[in-house]
Amino acid sequence: MMPRTISGPSIRGVAKRTTKDAAVTTYSTGEGRHYAEMQINEWIKGGWTAEGTRHHYDSTTRSAPNGKSVEVAFCADTGKFYGKEVKTGRS
């Protein structure tokens, strides 16, 4: 069973099959980074990768409570985005 939908830097980490991807290590901090790493590792462990196009829109930002980072929220169109088994290539 494919893990639940991922977002942001996690998508690139899943596609690259690593939590060390620059998008994850640069754009995620604290609990957000921990969540991204957990999601990526579950996709990798399950033998899944990400394919297709995911369109983000209606983004908003705000300062995070720690005062050192910014939180980003957005809507996503995942109509052309899907998970695929690495071994078989099936979606």
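Residues numbered from 1 in each chain as written. Predicted model: local features only at pLDDT ≥ 70, side-chain atom pairs only at ≥ 80, totals over all residues. Heavy atoms only, no water.

Caption draft 1: Main features of a nonpolar patch on the surface. Residues Val-70, Val-72 and Phe-74 make up a contiguous nonpolar surface patch of roughly 260 Å² in combined accessible area. Along the polypeptide, Phe-74 turns up in strand β2 (residues 70-85). Among the residues examined, Phe-74 registers a relative accessible area of 31% and is labelled partly exposed. (Patch = residues over 30% accessible without salt bridge, like charges linked within 9 Å, V, L, I, M, F, W, Y side chains within 5 Å. Areas by Shrake-Rupley, 256 points an atom, 1.4 Å probe, with all protein chains shown as cover. Salt bridge = Lys/Arg side-chain N within 4 Å of Asp/Glu carboxyl O. Helix = DSSP H or I, 4+ residues; strand = E, 2+ residues; numbered from the N terminus. Buried < 20%, exposed > 50% of the residue type's maximum accessible area, 1.4 Å probe, protein only.)

Caption draft 2: Molecular detail of the packing of aromatic side chains. Evaluation of the coordinates by the stated rule reveals zero aromatic pairs. Its end group placed over the ring of Phe-81, Arg-54 keeps NZ or CZ at 5.8 Å from the ring centre. (Phe/Tyr/Trp six-rings, centres within 6.5 Å; stacked < 30°, edge-to-face > 60°. Lys NZ or Arg CZ within 6 Å of the ring centre and 35° of its normal.)

Caption draft 3: The arrangement of the pairing of β2 in detail. Relative to β2, strand β1 (residues 48-63) runs antiparallel, the two sharing 13 bridges. By the bridge assignment, Arg-62 is partnered in β2 with Glu-71. (Pairing = 2+ DSSP bridges.)

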